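Geometric and topological summary
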Amino acid sequence: MTDFTRDFTMTIQGGQALARASIDIVNPSTGAVFAAAPDAGPDELDAAVASARGAFPDWAATGIDERRAVLKAVAAIIQANQDDLARLLVQEQGKPLADARAEVGGAAYWANATADLEMPGDTVDGPFGQVVTRYAPLGVCGGIVPWNFPVVLAMFKIAPALLTGNVMILKPSPFTPLTTLKIGELLRGVVPDGVLNVVSGGDALGPLMTAHPGIDKISFTGSTATGKRVMAGAAASLKRITLELGGNDAAIVLPDVDIAAITPTLFWSAFRNAGQICIATKRIYIHDAIYDELAASLAEYAARVVVGDGLQPGVQMGPIQNRPQFERVKDLIADARTSGLRFLTGGTEDPAAKGYFLPITLIDNPPEAARVVQEEAFGPVLPLLRYREVAEAVARANASSYGLGGTVWGRDLDAAQAVADRLETGSVTINGATSPSPLAPFAGHKQSGIGAEGGRDGLLAYTNPKTITIARDQPRSPG
Ligand code: NAD
């Protein structure tokens, strides 16, 4: 295969960095290798840590306005390269071009909006004097990112880390490192040397970062299983951690919905990015009175969706991003078939398809214990479930070790709000898909995560509280 490692280089100390080995990058729409990325080992990681540690004191001492200006420049560079970055993102990730453009634009928006956040801080009059609370940066932060939204999820970490005065080592997924590496390259000279380092590598690199004594915090987005390994690895040096993990979000559809009006939005809340969204709808509880009509409406809509290579015009849904995930989702569909579940649509793959394509699969009212209900599919497979009492739907939605998000659909907003209040999740959206905002915390409850990204909570996650007391009138010690 052609060696493309020179085209995709890591960024350390503001310059290009190579590795001795490389990893192949596959286009999921074709199943073929089309590029390679550097495979960093311990030496390259040490270089990145040294660069970041060296840059930290100056960056932490920079005024907030200067850091805001750097983030604004980051946003402008990403925005200016939106089309080229989006085309590369489609090739490595598989999503349709319009969605890739939205993701790249979303990263620029996230950087801009985060730059405008106010830094938390407080002054109070205590019994012994005036106490000023500031939030001090942690130091070197490691960002570990998955393959479903490589660009925007990287920015969820870069922007708050840099604004609060930290420096970062960012590691994209081995399946989707290319667009992130290009962004690192574009930002050389825009972000001061060493403040943002981008390293790529295989399965060994994440654990190396988690264990590295020169890294003070890991902000991790990925599966719950890996999140537990990150937490265990971080314990040795008591690193701070933020974990944004998996979910099995329930949609609860109340009987008063307008079926035709909600069908497209509800459908895409589950199937955007081929279902590979942490916060996607992964099971839909539909009231008995409207179950048949809504199920038919969703199946009809699904039949019209254009699935294919994301660079082809008109394509609305791409492939599964990588082979292991493709095999996992296929296994879930096979399990549904051998369990005798009824498919409203999908369920059989096209044997002629070259890439990792799976059909949109809707499963008709499986038992609650079915794997397709209990597990996070992270692919275009969705169970529709019938309920009779709202309290029963809420109980079934909450009977999960996950607690990431959920949605409620209904015309009576008070009734919908009452259901939203009872869902044991970090986010709930009424009558729409959930989309994290840089202005509010996005946090997983239960085994969906620890900590938050976004808003004031997201900034605080990159800091240690520090109080400075200006003493007055201390009581004298006796004698
Ligand atoms: P993953 O856990 O396999 O990998 C995520 C990242 O962790 C990758 O960069 C990987 O290289 C790295 N990694 C792997 N093993 C590691 C280890 N032992 N120590 C440190 N790092 C390690 O997840 P994935 O398959 O890339 O992504 C899909 C999962 O991510 C789904 O479960 C999805 O729900 C979740 N996700 C969560 C959010 C959120 O914000 N809550 C967002 C997107 C995706």
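What counts, and where the lines are drawn
Residues numbered from 1 in each chain as written. Predicted model: local features only at pLDDT ≥ 70, side-chain atom pairs only at ≥ 80, totals over all residues. Heavy atoms only, no water. Near = heavy atom within 4 Å. Polar contact = N/O pair within 3.5 Å; in protein donor to acceptor, adjacent residues only side chain to side chain. Areas by Shrake-Rupley, 256 points an atom, 1.4 Å probe, with all protein chains shown as cover. Helix = DSSP H or I, 4+ residues; strand = E, 2+ residues; numbered from the N terminus. Nonpolar A, V, L, I, M, F, W, Y, C, P; charged D, E, K, R; others polar. Domains from an automatic or database assignment. UniProt positions renumbered as here; feature names shortened; annotations may be inferred. Core = buried A, V, L, I, M, F, W, Y, C linked by side-chain atoms within 4.5 Å. Buried < 20%, exposed > 50% of the residue type's maximum accessible area, 1.4 Å probe, protein only. Contact = heavy atoms within 4.5 Å. Salt bridge = Lys/Arg side-chain N within 4 Å of Asp/Glu carboxyl O. Pairing = 2+ DSSP bridges. Axes fitted to C-alpha atoms, helices over the stretch in contact; angles between N-to-C directions.

Remarks on the site of the ligand
- In the vicinity of the ligand lie 28 residues, with Val145, Ser223, Thr226, Leu245 and Glu376 positioned nearest.
- At a separation of 2.9 Å, an oxygen atom of the ligand approaches a polar side-chain atom of Lys171.
- Within the contact set of the ligand, an oxygen atom lies 3.2 Å away from a backbone nitrogen or oxygen of Gly222.
- Alone, the ligand offers 850 Å² of accessible surface; in the complex the protein occludes 90% of this.
- Secondary-structure elements contributing two or more residues to the shell around the ligand are helix 7 (205-211), strand 10 (217-221) and helix 8 (224-235).
- Residue classes in the shell around the ligand are distributed as 15 nonpolar, nine polar and four charged.
- Taken together, domain 1 (10-245 + 448-467) and domain 2 (250-430) each give at least three residues to the shell around the ligand, which thus spans both.

A few points about the UniProt feature "domain: Aldehyde dehydrogenase" (unreviewed entry) in the chain
- UniProt tags residues 22-468 as "domain: Aldehyde dehydrogenase" (unreviewed entry).
- Span residues 22-468 is 41% helix and 22% strand, its end C-alpha atoms 49 Å apart.

Some words on the nonpolar core
- Formed by 81 residues in total, the largest nonpolar core has its most connected members in Met155, Leu162, Met168 and Ile169.
- In terms of residue count, the dominant contributor to this core is helix 5 (residues 150-163) (11 residues).
- Counting residues domain by domain, this core receives three or more from each of domain 1 (10-245 + 448-467) and domain 2 (250-430).

Some remarks on the domain arrangement of the chain
- According to the domain assignment, the chain contains domain 1 (10-245 + 448-467) and domain 2 (250-430).
- Across the contact, 23 residues belong to domain 1 and 28 residues belong to domain 2.
- Taken together, the links from domain 1 to domain 2 amount to one salt bridge.
- Salt-bridge contacts for Arg272 lead to Asp99; the nearest nitrogen and oxygen are separated by 3.6 Å.
- Counting every contact that joins domain 1 to domain 2 gives nine residue pairs in polar contact (both at pLDDT 80 or more).
- Contributing elements (two or more residues each) for the side of domain 1 that touches domain 2: helix 3 (82-93) and helix 4 (97-115).
- Class assignment of the residues belonging to the side of domain 1 that touches domain 2 gives a composition of nine nonpolar, 10 polar and four charged.

Quick look at the sheet that holds strand 14 (residues 342-345)
- Taking strand neighbours across the sheet as the criterion, the seven strands line up as 14-15-16-13-12-18-19 in an open arrangement whose pairing is mixed. Since the sheet does not close on itself, it has two edges, and those belong to strand 14 and strand 19 (427-430), each with one partner. Across the sheet, the mean angle from the axis of one strand to that of its neighbour is 25°, orientation sign disregarded.
- Taken together, the four bridges between strand 13 (residues 281-287) and strand 16 (residues 381-387) define a ladder with parallel strand orientation. Of the residues in strand 16, the one forming a bridge with Ile284 is Leu384.
- Across the sheet, helix 11 (residues 323-338) lies against strand 14, strand 15 (361-364) and strand 16, angled at about 120° from strand 14, the strand it touches most.
- Strands in contact with helix 14 (residues 413-422) are strand 12 (249-253), strand 18 (405-409) and strand 19; relative to strand 19, the strand with the most contacts, it is inclined by about 165°.

Regarding the sheet that holds strand 22 (residues 463-471)
- The strand order across the open sheet formed by three strands is 5-6-22, and the pairing between neighbours is antiparallel. Taken across any chain shown, the strands that pair with only one partner, and hence form the sheet edges, are strand 5 (122-126) and strand 22. Between one strand and the next, the sheet's axes are offset by a mean angle of 25°, whatever the strand orientation.
- Where strand 5 lies against strand 6 (residues 129-137), five bridges are found, and the strand directions are antiparallel. Of the residues in strand 6, the one forming a bridge with Asp125 is Gln130.

Describing the UniProt feature "active site" (unreviewed entry) in the chain
- According to UniProt, the feature "active site" (unreviewed entry) maps to Glu244 in the numbering used here.
- Looking at where Glu244 falls in the secondary structure, it is placed in strand 11 (residues 240-244).
- In contact with Glu244, other than residues within four places in its own chain, are Phe220, Thr221, Gly222, Phe442, Ala443, Gly444, Ser448, Ala452 and Glu453.

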